[in-house]
Amino acid sequence: MSLNVVMLGPPGAGKGTQADRLAREHGIPKVSTGDILRDAVQRGTPLGKAAKAVMDAGKLVGDDIMVGIVRERLDQPDARRGFILDGFPRTVAQAEALEGILAGRGPVVVLLLDVPSEELVKRLSSRRVCGACGANAAPNAPADARCGQCGGELVQRRDDSEAVVRERLRVYEAQTSPLVEHYRGRATFFPVDGNQPPAAVYEALREAVASAGMPAPRTA
Ligand code: AMP
């Protein structure tokens with residue numbers, strides 16, 4: 001059986017970090033729509049050109065574009081055994097489209113990371129990422145540290161300035177938090193306390209995946 005996961009939660013809740021680890025342990029791809037868009041911006045593709053200003057303002061890229069990107073990505077052979085979606089869906093329309101994309105591909109496990117908003121502002125405005133590969137730096141990394149993955153320079157994400165962070169949180173409340181109600185009634189919906197050390201969050205996510213009757217990690 002494939003493991004199909006949606007990571008839900010506000011910006012800064014730790015979705016990307018936890019999705020990376022789940023994906024690695026299960027040998028399935030993490031599909032981060034934010035990463036796909038940032039890559040397009042960096043390469044200056046038509047998609048990147050269209051998305052850049054929207055992302056810099058902390059708003060959402062249009063549903064049609066996003067659904068097209070995800071449909072194509074989940075159609076790739078490596079996603080057939082499962083995937084961890086990070087940052088999609090972000091609107092009810094995207095969630096409905098995802099249902100169509102996944103018809104016949106087994107249940108979706110929805111993992112919601114709950115973190116209070118003041119903690120999110122703190123995390124995001126102090127977050128540094130690698131300018132070369134996009135990996136998150138450890139929160140306590142010294143000022144002159146380099147990327148632990150590729151040695152690249154650590155920078156602040158353009159949309160992690162405090163003003164844009166507040167806008168992203170507002171957009172989350174308005175457009176993405178309704179998804180919590182959309183998914184809440186399902187047997188495979190799991191809220192997890194994201195305001196604890198990453199290792200404890202990961203254990204809680206693992207338990208949720210196991211209690212959904214999903215396959216154990218490949219390497220466990
Ligand atoms: P993230 O890395 O998930 O925080 O995404 C960064 C930015 O990319 C967001 O603030 C949006 O502008 C855009 N984005 C990423 N995923 C989506 C999506 N599913 N729908 C619309 N916009 C998105």
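What comes next concerns the included structure. If you're wondering where the values come from, they're calculated on a predicted model, not measured in any experiment. (Residues numbered from 1 in each chain as written. Predicted model: local features only at pLDDT ≥ 70, side-chain atom pairs only at ≥ 80, totals over all residues. Heavy atoms only, no water.)

Digging into the state of the cysteines
Moving on, step 1. The final tally for this structure, using the stated rule, is 0 disulfides.
Moving on, step 2. Free cysteine: Cys130, not disulfide-bonded; nearest cysteine sulfur from Cys150 at 3.6 Å. (Disulfide = S-S within 2.5 Å.)

A few points about the site of the ligand
Moving on, step 1. Not every one of the 16 residues close to the ligand is listed here, only the nearest: Thr33, Arg38, Lys59, Gly87 and Gln94.
Moving on, step 2. Here a nitrogen atom of the ligand and a backbone polar atom of Gly87 are 2.9 Å apart.
Moving on, step 3. Within the side chain of Arg90, one N or O atom sits 3.0 Å away from a nitrogen atom of the ligand.
Moving on, step 4. Each residue belonging to the shell around the ligand can be placed in one class, and the counts come to 6 nonpolar, 4 polar and 6 charged. (Near = heavy atom within 4 Å. Polar contact = N/O pair within 3.5 Å; in protein donor to acceptor, adjacent residues only side chain to side chain. Nonpolar A, V, L, I, M, F, W, Y, C, P; charged D, E, K, R; others polar.)

A short note on the pattern of salt bridges
Moving on, step 1. For the structure on display, the rule yields 23 salt bridges.
Moving on, step 2. Asp20 is paired through a salt bridge with Lys30; the nearest N and O atoms lie 3.4 Å apart. One end of the pair, Asp20, is in helix H1 (residues 15-26); the other, Lys30, is in strand E2 (residues 30-32), and 10 residues separate them in sequence.
Moving on, step 3. By relative accessible area, Lys30 is classed as partly exposed at 23%. (Salt bridge = Lys/Arg side-chain N within 4 Å of Asp/Glu carboxyl O. Helix = DSSP H or I, 4+ residues; strand = E, 2+ residues; numbered from the N terminus. Buried < 20%, exposed > 50% of the residue type's maximum accessible area, 1.4 Å probe, protein only.)

Overview of the environment of Ser211
Moving on, step 1. In this structure, Ser211 sits in helix H9 (residues 198-211).
Moving on, step 2. Between the C-alpha atoms of Ser211 and Ala187, which are 24 residues apart in sequence, the distance is 10.0 Å.

These figures capture arrangement, not role.
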